[in-house]
Amino acid sequence: MAFTGWPAEAIDFYTGLEADNSKAYWTEHRETYEQAIKAPMMELSAEIEAEFGPLRIFRPYRDVRFSKDRSPYKTAMAAMTEGEGGEIYYVQVSAAGLLTGTGFFHMASDQLERHRAAIDDERTGSEAAEIVDKLEGEGYTIGSIGELKTAPRGYARDHPRVRLLRMKGLTTMRSFEPAPWLSTGRALTTITDAWRRCAPLNAWLTKHVGASRLAPPEAEAW
């Protein structure tokens, strides 16, 4: 079936789950999760696969083994796919509405080294800063999963692009509050337009950072 967004029941489901994160609530509303949240996400995956690749849908259960918060369920459904340049495309639906994201979420040590060298360089660094400024002006949030409190070793604390140097990744996020269009075909264009708008930043990351050249942990063991 074609993706036509998430019905209002999806927002209601997560509003209720935030108030009662229990197995009883989950069991009682499991069909709503399957039909109003998971099914549309699978339909979205089929719609965007040709351009972005199939979505990997995250499990709804939290890993509470090392957490003080024992709430068993995630209060959002999220999914992601990876582009040919190594960039991640992310989408999430929750009681807060819709969230889209793209970029390099986690950089390995060799990627961070190349990223910082490119940010430090006047030509390539200024290019990245200009792209970032433009996206922020259009309502995107620039961020990183993990960030240093000060400039990394070897870089001046008053570097003109110290903010970007401190980041351990480089992502763009865009949030949309719940609205009637979320349960229409406009949801698809909103998601894909948000991803495509960030193409210049992803292209910069692909060119100047690229994929990690380090062997994966499994290979290192051999």
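This text goes with the structure placed above it.
No experiment lies behind these values; they were computed from the predicted model shown.

A. Expanded view of the pairing of strand β2 (residues 76-82). Counted residue by residue, β2 has 5 buried out of 7 residues, so it is predominantly covered. Two strands pair when backbone bridges link them, and strand β1 (residues 56-57) and β2 are joined in this way by 2 bridges, in the antiparallel orientation. In the strand pairing of β2, Ile-57 is matched with Ala-79. Counted between consecutive antiparallel strands, the loop separating β2 from strand β3 (residues 88-94) contains 5 residues, among which Gly-86 sits at a positive phi close to 95°.

B. Representation of the environment of Ser-71. Note that Ser-71 resides in the loop between β1 and β2. Between the C-alpha atom of Ser-71 and that of Asp-20, which follows or precedes it by 51 residues, the distance is 9.4 Å. Not counting the four nearest positions on each side in its chain, Ser-71 is found in contact with Asn-21, Arg-62 and Val-64. In this structure the side chain of Ser-71 is engaged in a polar contact, spanning 2.7 Å, whose partner is the side chain of Asp-69.

C. Local environment of the environment of Glu-18. Along the chain, Glu-18 turns up in helix α1 (residues 8-19). Linking Glu-18 and Ser-94, residues 76 residues apart in sequence, is a C-alpha distance of 9.7 Å.

D. Region of the structure containing the nonpolar core. Core analysis: the biggest nonpolar cluster contains 32 residues, and Trp-6, Ile-37, Leu-44 and Val-91 have the highest contact counts within it. For this core, the secondary structure elements donating two or more residues are α1, α2 (23-28), α3 (30-52), β2, β3 and α7 (186-197). Ranked by residues supplied to this core, first place goes to α3 with 7 residues. Every residue in contact with Trp-6, bar those within four places of it in the chain, is listed here: Ala-36, Ile-37, Pro-40, Met-41, Leu-44, Val-91, Val-93, Leu-98, Leu-182, Ser-183 and Ile-191. Of all hydrophobic cores here, the second largest spans 22 residues; its members include Met-107, Ala-118, Ala-129 and Leu-164.

E. Representation of the pairing of β3 within the structure. By the criterion of burial, β3 is predominantly enclosed, with 7 of the 7 residues buried. Residues of β3 alternate between two faces, with Ile-88, Tyr-90, Gln-92 and Ser-94 on one and Tyr-89, Val-91 and Val-93 on the opposite face, all of them buried. The sheet contact formed by β2 and β3 spans 7 bridges and is antiparallel. Residue pairing in the sheet places Ala-78 in a bridge with Gln-92 of β3.

F. Quick peek at the packing of aromatic side chains. According to the stated counting rule, one finds 14 aromatic pairs in the structure shown. Ring geometry for Phe-3 against Trp-6: centres 5.1 Å apart, planes inclined by 75°, an arrangement best described as edge-to-face. Exposure class is identical for Phe-3 and Trp-6. Each is buried. A centroid spacing of 4.7 Å and a plane angle of 45° characterise the contact between Trp-26 and Tyr-33, whose relative ring orientation is tilted. Considered together, Trp-26 and Tyr-33 belong to a single accessibility category, that of buried residues. By the ring-pair criterion, three or more aromatic residues cluster together here, those being Phe-13, Tyr-14, Tyr-25, Trp-26, Tyr-33, Tyr-61 and Tyr-73.

Rules of the game
- Every chain's residues receive numbers from 1 upward, in the order its sequence appears when written.
- pLDDT decides what is reported in this predicted model: residues at 70 or higher carry local features, side-chain atom pairs at 80 or more are listed and counted, and totals for whole chains, interfaces and linings draw on all residues regardless.
- To get the side-chain values, all heavy atoms of the structure are used, and hydrogens and water are removed first.
- To sort residues, take the accessible area from a 1.4 Å probe on protein chains only and compare it with the maximum for the residue type: under 20% means buried, over 50% means exposed, and anything in between is partly exposed.
- Strands are runs of DSSP state E lasting at least two residues, helices are runs of H or I lasting at least four, and both sets are numbered from the N terminus onward.
- Here a strand pair is declared whenever DSSP counts at least two bridges between the two strands.
- Any two residues whose heavy atoms approach within 4.5 Å are treated as being in contact.
- In protein, a polar contact means a hydrogen-donor-capable atom and an acceptor-capable atom, both N or O and within 3.5 Å, with residues adjacent in sequence counting only if both atoms are side-chain atoms; elsewhere, any N or O pair within 3.5 Å suffices.
- What makes a nonpolar core is a set of buried Ala, Val, Leu, Ile, Met, Phe, Trp, Tyr and Cys residues whose side-chain atoms join them at distances within 4.5 Å.
- Here a Phe, Tyr or Trp ring, Trp counted by its six-membered ring, pairs with any other such ring whose centre lies within 6.5 Å, and the pair is stacked when the planes are under 30 degrees apart, edge-to-face when over 60, and tilted otherwise.

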